[in-house]
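Each chain is listed here by its residues.
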There are 2 protein chains.
Amino acid sequence: MENHEHVHKHEVQETIQDIVRAMSAKGWRITDQRKKLAALFAESPGYLSPKDVYEYMRASYPGVSFDTVYRNLRLLSEMGVLEQIYLNEGLKFRARCRSHHHHHLICMQCEKTVPFEFCPMKHMSNFPQDFQVVNHRFDILGYCSDCSEAAKSGGTTDSLVPEA
Amino acid sequence: MENHEHVHKHEVQETIQDIVRAMSAKGWRITDQRKKLAALFAESPGYLSPKDVYEYMRASYPGVSFDTVYRNLRLLSEMGVLEQIYLNEGLKFRARCRSHHHHHLICMQCEKTVPFEFCPMKHMSNFPQDFQVVNHRFDILGYCSDCSEAAKSGGTTDSLVPEA
DNA sequence: CTGGCTGCAAAGGCTTTGCAGCTCG
DNA sequence: CGAGCTGCAAAGCCTTTGCAGCCAG
């Protein structure tokens, strides 16, 4: 456990450094605020809304403004450091996984993610010849163990996974 | 070809009727505008933005307002007649496929869709036991034959499909 | 008839932009 | 120091809401 935490902290530090390096490489300034932002995304296990980010930043920088948060989210997204997804009626952000290609289970309640290795693209062939594939998205939505109890009372309007 | 078109028109009529019936079953009034809306989604091969819908409706009903378009899109979505997806920086709508479960190739340019049968959920097992799966999304993005020429000049900022 | 639908107008969120001053490098 | 970052304020979408009149059923 102790060792696991140590490893985790090490990875977080790595990720922070990666993000900071990426910004630096683009010639952007490394302000304290941006370091804090890098730390937030390195630590966060799931998706964050602009509001989440704003709240978090405000804890350290009471005068922070929403527009700066948006500006930096945008910049980091355009850099490819963050990835966006539309979830629970809003745009959310998380650090793009840089290790290798994979997909996620996403908790619809707390928006935490769990990676898994299966990629459907490896199992598909026979695309229409005239369709030029560029990208794909595959997410599995549901409730994590922490949230599945609470979820039994109220669900969403989205359709369930059909069996056939 | 002639026969194919005939079949297509027949299907469109079916879909319109389905949508109208669904509205009627919920006790909603079948106004001319809503019939037109049903026809639009029955005919449309891809995703439509609220603006697209507004433009189309305005052709027949010059006085139509954006709020009515939104109201009806919302109602039809809540009914499950339409499905929403976040695409090209905006929320889009299309008639939910009622036939059977499948996924789509989506053209990032014109937002047309092509269905295919492969569903990754049938090939997956070994979910973390404590994650309660509710839903999934799997879309393949790219360019259809009509758009792939134009796309060679300018792409998007999204990542390509990694090979590993 | 009458409850629901519509257009109008206005408000509400979320996000972006212009600007002046401050700060990193 | 100078370009870039920040906060402030304001504007710009996109979407929703309140209201009075109209229309389908």
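Treat the numbers as computed from the prediction; the structure is a model and nothing was measured. (Residues numbered from 1 in each chain as written. Chains lettered and ligands numbered in written order. Predicted model: local features only at pLDDT ≥ 70, side-chain atom pairs only at ≥ 80, totals over all residues. Heavy atoms only, no water.)

### Focus: the relation of the copies chain B and chain A
Line of reasoning, step 1. The two copies are related by a screw operation: chain B maps onto chain A through 180° of rotation and 0.0 Å of translation along the axis, at an RMSD of 0.1 Å. Look at the turn and shift together and you get a two-fold axis relating the two. Closest to the rotation axis within chain B is the C-alpha of B:Phe138, separated from it by 2.1 Å.
Line of reasoning, step 2. A share of 100% of interface residues in chain B that are also interface residues in chain A marks the association as one of identical surfaces. (Least-squares fit on C-alpha atoms with pLDDT ≥ 70 in both. Contact = heavy atoms within 4.5 Å.)

### Here's the deal with the state of the cysteines
Line of reasoning, step 1. Taken as a whole, this structure holds zero disulfides over all chains when the rule is applied.
Line of reasoning, step 2. Sulfur of A:Cys147: no disulfide; nearest cysteine sulfur belongs to A:Cys144 and is 3.7 Å away.
Line of reasoning, step 3. Accessibility expressed as a relative area gives 9% for A:Cys147, which makes it buried.
Line of reasoning, step 4. Free of any disulfide, B:Cys119 has its nearest cysteine sulfur in B:Cys97, 13 Å distant. (Disulfide = S-S within 2.5 Å. Buried < 20%, exposed > 50% of the residue type's maximum accessible area, 1.4 Å probe, protein only.)

### Points about the protein's contact with DNA strand C
Line of reasoning, step 1. In the vicinity of DNA strand C there are 19 residues, among which A:Ile30, A:Tyr70, B:Arg29, B:Asp67 and B:Thr68 approach most closely.
Line of reasoning, step 2. When the atoms of DNA strand C within 4 Å of the protein are grouped by moiety, sugar and phosphate amount to 59% of the total.
Line of reasoning, step 3. Between DNA strand C and A:Arg29 there is a distance of 3.0 Å, counted from a base oxygen to a side-chain nitrogen or oxygen.
Line of reasoning, step 4. The contact in question runs from a phosphate oxygen of DNA strand C to an N or O atom on the side chain of B:Thr68, over 2.8 Å.
Line of reasoning, step 5. Breaking the surface near DNA strand C down by element, the ones donating at least two residues are helix H4 (66-79) of chain A together with helix H2 (32-43) and helix H4 (66-79) of chain B. (Near = heavy atom within 4 Å. Polar contact = N/O pair within 3.5 Å; in protein donor to acceptor, adjacent residues only side chain to side chain. Helix = DSSP H or I, 4+ residues; strand = E, 2+ residues; numbered from the N terminus.)

### What about the side chain of A:Thr113?
Residue and element names in this part refer to chain A.
Line of reasoning, step 1. Mapped onto the fold, threonine 113 is located in strand S4 (residues 113-116).
Line of reasoning, step 2. Overall, the relative accessible area of 13% leaves threonine 113 in the buried class.
Line of reasoning, step 3. Among the polar contacts made by the side chain of threonine 113, one reaches the side chain of arginine 94 at a distance of 2.3 Å.
Line of reasoning, step 4. Ignoring sequence-local partners within four residues, the contact set of threonine 113 consists of Pro45, Gly46, Tyr47, Arg94, His104, Leu105 and Ile106.

### What to know about the packing of aromatic side chains
Line of reasoning, step 1. Under the criterion given, the structure shown has eight aromatic pairs over all chains.
Line of reasoning, step 2. Relative to B:Phe138, the ring of A:Phe138 has its centre 5.6 Å away and its plane inclined at 65°; by these criteria the two rings are edge-to-face. Residue A:Phe138 is found in strand S5 (residues 132-143), and its partner B:Phe138 is found in strand S5 (residues 132-143); the two belong to separate chains.
Line of reasoning, step 3. A:Phe138 gets classed as buried once you look at its relative accessible area, which sits at 1%.
Line of reasoning, step 4. A ring pair is formed by B:Phe116 and B:Phe138, whose centres lie 5.8 Å apart and whose planes are at 80°; its orientation type is edge-to-face. Residue B:Phe116 is found in strand S4 (residues 113-116), and its partner B:Phe138 is found in strand S5; the two are separated by 22 residues along the sequence.
Line of reasoning, step 5. Joined through ring pairs, the aromatic side chains of A:Phe116, A:Phe138, B:Phe116 and B:Phe138 make up one cluster.
Line of reasoning, step 6. A cation over an aromatic ring shows up here: A:Arg94 above the ring of A:Tyr47, its NZ or CZ 5.7 Å from the ring centre. (Phe/Tyr/Trp six-rings, centres within 6.5 Å; stacked < 30°, edge-to-face > 60°. Lys NZ or Arg CZ within 6 Å of the ring centre and 35° of its normal.)

### Things to note about the nonpolar core
Line of reasoning, step 1. In terms of nonpolar packing, the biggest core is built from 40 residues, with A:Phe116, A:Phe138, A:Ile140, B:Phe116, B:Phe138 and B:Ile140 touching the most fellow members.
Line of reasoning, step 2. Elements with a minimum of two residues in this core: strand S1 (82-87), strand S3 (103-107) and S5 of chain A together with strand S1 (82-87), strand S3 (103-107) and S5 of chain B.
Line of reasoning, step 3. When neighbours within four sequence positions are excluded, B:Phe138 is seen to be in contact with A:Pro120, A:Met121, A:Met124, A:His136, A:Arg137, A:Phe138, B:His103, B:His104, B:Phe116, B:Phe118 and B:Pro120. (Core = buried A, V, L, I, M, F, W, Y, C linked by side-chain atoms within 4.5 Å.)

### So, the UniProt feature "binding site: Zn(2+)" (unreviewed entry) in chain A
Line of reasoning, step 1. Within this numbering scheme, the UniProt entry marks A:Cys107, A:Cys110, A:Cys144 and A:Cys147 as carrying the feature "binding site: Zn(2+)" (unreviewed entry). Spatially, the listed residues are clustered: although they cover 41 residues, their C-alpha atoms lie within 8.2 Å of one another.
Line of reasoning, step 2. Accessibility expressed as a relative area gives 0% for A:Cys107, which makes it buried.
Line of reasoning, step 3. Those residues in contact with A:Cys107 that lie beyond four places of it in its chain are A:Lys112, A:Gly142, A:Tyr143, A:Cys144, A:Cys147 and B:Phe131.
Line of reasoning, step 4. Here A:Cys110 lies in the loop between S3 and S4.
Line of reasoning, step 5. For A:Cys110, a relative accessible area of 32% translates into the label partly exposed. (UniProt positions renumbered as here; feature names shortened; annotations may be inferred.)

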